[in-house]
Amino acid sequence: MVKTVSYTHTNSYETLFELTEKTKNIWICFHGLGYLAAYFKRYLEGLHAQDNFVIVLQAPSKSYIGSDFKHVGACWLTRVDTAREMNNNLEYIHGVLAAENLVGDPRIVLFGYSQGVSIAMRFLKSYLQPVKALLLHSGSIPEELTSEDGAHFKKYCSRFIHIAGTNDEYSTVTITKREKEKIELLFGTDCELYRPKIKHVVHVPLIKEIAKTL
């Protein structure tokens, strides 16, 4: 028999730069599988400090990775208890925004990389406030999202950006086709597509260039 219990859970997050009245973009970042927020934050260090304030959220499930078990990585969720774990993630994300007094701030940019793409999109589905942009980088769009969710995204988000490397070792013809169909279903023609010749890595120079246009 499987039972459940509710309890209080504490989690950390990382910030970069300072939030001021001059800040143009508030990045809410969702790292990929096997990362830690402290490590992923390094990819955003090249952004213009006055224009950007960065929050890198920390996936809650940590474990040792690699054959030598010397490094620690984290995961947002798995196929086990997915809905419950996602609800826990949502409570955490909403809690961070409340703690930073950012709920309803129109400068928010949601940035999901790899596994973080699915978390960013599921969060936006639950968020009933305007955001500046949704930036999706090298990750899979959740299968359960529908055209109704697309309408919700368009209501609350001003700009959609999708990055996928043409040499991504985790991508296949089938995956590429599915993602293309999902983009068209959710965003129609309102999505900016970038297809750099990169593997499954964060394209730091491209992120910096996009940041200048936000």
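Residues numbered from 1 in each chain as written. Predicted model: local features only at pLDDT ≥ 70, side-chain atom pairs only at ≥ 80, totals over all residues. Heavy atoms only, no water.

Colleague: Explanation requested: the sheet that holds strand E3 (residues 52–57) in the structure shown.
Modeller: Paired through their backbone hydrogen bonds, the strands of a sheet run either parallel or antiparallel. Taken in spatial order, the seven strands line up as E1-E3-E2-E6-E7-E8-E9 in an open sheet, and their pairing is mixed. For this open sheet the edge positions go to strand E1 (13–16) and strand E9 (192–194), each flanked by a neighbour on one side alone. Averaged over all adjacent pairs, the angle separating strand axes in this sheet is 15°, with direction ignored. Pairing analysis gives three bridges linking strand E8 (residues 160–163) to E9, with the strands arranged parallel. Bridge assignment links His162 to a residue of E9, and that residue is Leu193. On the sheet, helix H5 (residues 173–187) packs against strand E7 (133–137), E8 and E9 and is oriented at approximately 175° with respect to E8. (Pairing = 2+ DSSP bridges. Helix = DSSP H or I, 4+ residues; strand = E, 2+ residues; numbered from the N terminus. Axes fitted to C-alpha atoms, helices over the stretch in contact; angles between N-to-C directions. Contact = heavy atoms within 4.5 Å.)

Colleague: Help me understand the environment of Thr8, please; the structure alone is not making it clear to me.
Modeller: Within the element layout of this structure, Thr8 appears in the segment before E1. Among the residues examined, Thr8 registers a relative accessible area of 75% and is labelled exposed. As for Thr8 and Asp149, which are separated by 141 residues in sequence, their C-alpha atoms are 30 Å apart. (Buried < 20%, exposed > 50% of the residue type's maximum accessible area, 1.4 Å probe, protein only.)

Colleague: Teacher, can you tell me more about helix H2 (residues 82–99) here?
Modeller: For H2, with 18 residues, the first-to-last C-alpha span of 26 Å sits near the 26 Å given by 1.5 Å per residue. Those residues of H2 that sit buried are Met86, Asn89, Leu90, Tyr92, Ile93, Val96 and Leu97. The arc enclosing the buried residues of H2, seen along the axis, measures out at 165°, which places them on a common side. In this structure, H2 carries Glu91 and Ala99 as exposed residues pointing more than 90 degrees from its buried face. Those residues of H2 hidden inside the fold are in contact with E1, strand E2 (25–30), E3, strand E6 (108–113) and helix H3 (115–126). (Expected span 1.5 Å × (residues − 1). Arc of directions from axis to C-beta.)

Colleague: I would appreciate a short explanation of the pattern of salt bridges in the present structure.
Modeller: Side chains bearing opposite charge may pair, as long as their charged atoms lie close to each other. On inspection of all chains with the given rule, the structure shows twelve salt bridges. The salt bridge involving Asp105 is made with Arg107; its shortest N-O contact spans 2.8 Å. In this structure Asp105 comes out as buried when scored by relative accessible area, which is 13%. Salt bridges sharing partners connect three or more residues here, namely Glu143, Arg178 and Glu179. (Salt bridge = Lys/Arg side-chain N within 4 Å of Asp/Glu carboxyl O.)

Colleague: Even after reading the chapter, I still don't get the packing of H3 against helix H4 (residues 147–156), so can you show me in this structure?
Modeller: Each pair of packed helices can be summarised by the angle the axes make with each other and by the distance between the axes. It is the contact of H3 with H4, at a shortest axis distance of 9 Å, that shows an interaxial angle of 75°. Here H4 runs roughly perpendicular to H3, going by the angle between their axes. Every residue of H4 that contacts H3 at Met121, Leu124 and Lys125 is listed here: Asp149, His152 and Phe153. Residues of the contact of H3 with H4, tallied by class, amount to three nonpolar, one polar and two charged. (Parallel < 35°, antiparallel > 145°, perpendicular 65-115°, else oblique. Nonpolar A, V, L, I, M, F, W, Y, C, P; charged D, E, K, R; others polar.)

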